[in-house]
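# Analysis of the macromolecular model
Now for the letters of each chain:
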Amino acid sequence: MLAEVFTAAAWKTPYSFARDSISSLGVTTCDVDSCSPMHDVMNSSFIVLGALTLVGAVFLHRHIRSGREKKWILSLAVVIAVSTAATGLFPANDGTIVHWTAVLPGFIARHVVLVLIAWHLWHERRLVAVWSALCAAVGVVGAILMVAQTLHFGLGERLALYPMPTWMAVTGTAVLFALARRTVLARFDFTFARDPRRWIRRAAVESMPTLVREKSGKAEAGRDVPVAPV
């Protein structure tokens, strides 16, 4: 998404995120409709995103039970990765058939894989399942609106394509944070930060032995002091 903003800013003619397609940012030639001086940035980002998707699929298989669903999820993830990278290798000016042959498999697979992940994790990780289903729903609605031409092409395309990388970024961040809490942050106790009353109770408990010792010391000192006769 940042690559889109950076590449669009280099256009001499105004680029519209609502009307113009994402593929226009990767064209390597100039014509009346599109001329993208920084097309290498956009195409490189497609290739990098495809590679990261493949790496993510490798790590994802550890969290999925063995079975038919696991094979489908991993297979579709590989399709998305290859299709995303191919989008950068075969830009739109290479021909409509060539470009859409690269784009279409990942365009369809991304919605299916999110639905499968939501279904697979519903009983194990309910929050992840709901998040996956939400991203799938937004993507499917965006695809329908784009095909039906209800929205401008660029807006419908982004509504259909953005949910998948958004899901990847948010889910990956959550996994890394959970891993950090079990390792690096495990030595810190954050429960007291969420409940200030626990700080008060802890301070009271820790101070009780000190108060008891002080009272005991005073009592012992009182016994040792001789009392003068009246």
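Residues numbered from 1 in each chain as written. Predicted model: local features only at pLDDT ≥ 70, side-chain atom pairs only at ≥ 80, totals over all residues. Heavy atoms only, no water.

### Observations concerning the pattern of salt bridges
Throughout the structure, instances matching the rule amount to 3 salt bridges. A salt bridge links E4 to R158; the shortest N-O distance between them is 3.1 Å. Taken as a pair, E4 in helix α1 (residues 2-9) and R158 in helix α6 (residues 153-161) lie far apart in primary sequence, 154 residues in all. In this structure, E4 and R158 share a single accessibility class: buried. (Salt bridge = Lys/Arg side-chain N within 4 Å of Asp/Glu carboxyl O. Helix = DSSP H or I, 4+ residues; strand = E, 2+ residues; numbered from the N terminus. Buried < 20%, exposed > 50% of the residue type's maximum accessible area, 1.4 Å probe, protein only.)

### Some remarks on the environment of G26
With respect to the element layout, G26 can be found in the loop between α1 and α2 (39-60). Once the C-alpha coordinates of G26 and S44 are considered, the two residues, 18 residues apart in sequence, prove to be 9.2 Å apart. Not counting the four nearest positions on each side in its chain, G26 is found in contact with H39, M42, N43, P91 and N93. (Contact = heavy atoms within 4.5 Å.)

### Some points on empty space enclosed by the protein
The full count for this structure, using the stated rule, is 1 cavity of 30 Å³ or more. If you go around the largest cavity, the residues you meet are S23, G26, N43, F46, T87, P91, A92 and H99. Residues that form the lining of the largest cavity fall into these classes: 3 nonpolar, 5 polar and no charged. (1 Å grid on protein atoms, 1.4 Å probe; cavity = no way out; pocket = protein on both sides within 12 Å on 5 of 7 lines; lining within 4 Å. Points joined across faces, edges and corners; volume = space filled by probe spheres on them. Nonpolar A, V, L, I, M, F, W, Y, C, P; charged D, E, K, R; others polar.)

### A look at the nonpolar core
I73, I80, V113, L114, I117, M164 and W167 are the most contacted members of the largest nonpolar core, which has 14 residues in total. Put simply, the parts of the chain that give this core at least two residues each are α3 (68-89), α4 (96-120), α5 (126-147) and α7 (163-182). In terms of residues, this core owes the most to one element, α4, which gives 4 residues. Ignoring any residue separated from it by four or fewer positions in sequence, one finds I117 in contact with L60, I73, S132 and W167. (Core = buried A, V, L, I, M, F, W, Y, C linked by side-chain atoms within 4.5 Å.)

### A short note on the layout of surface pockets
Looking at the second largest pocket, its volume works out to about 280 Å³. As for the second largest pocket, its lining consists of 18 residues, of which S21, S23, S24, A92 and H99 are closest to the centre. Among the secondary structure elements, those contributing two or more residues to the lining of the second largest pocket are α4 and α6. Per element, the largest residue contribution to the lining of the second largest pocket is 5 residues, and it comes from α4.

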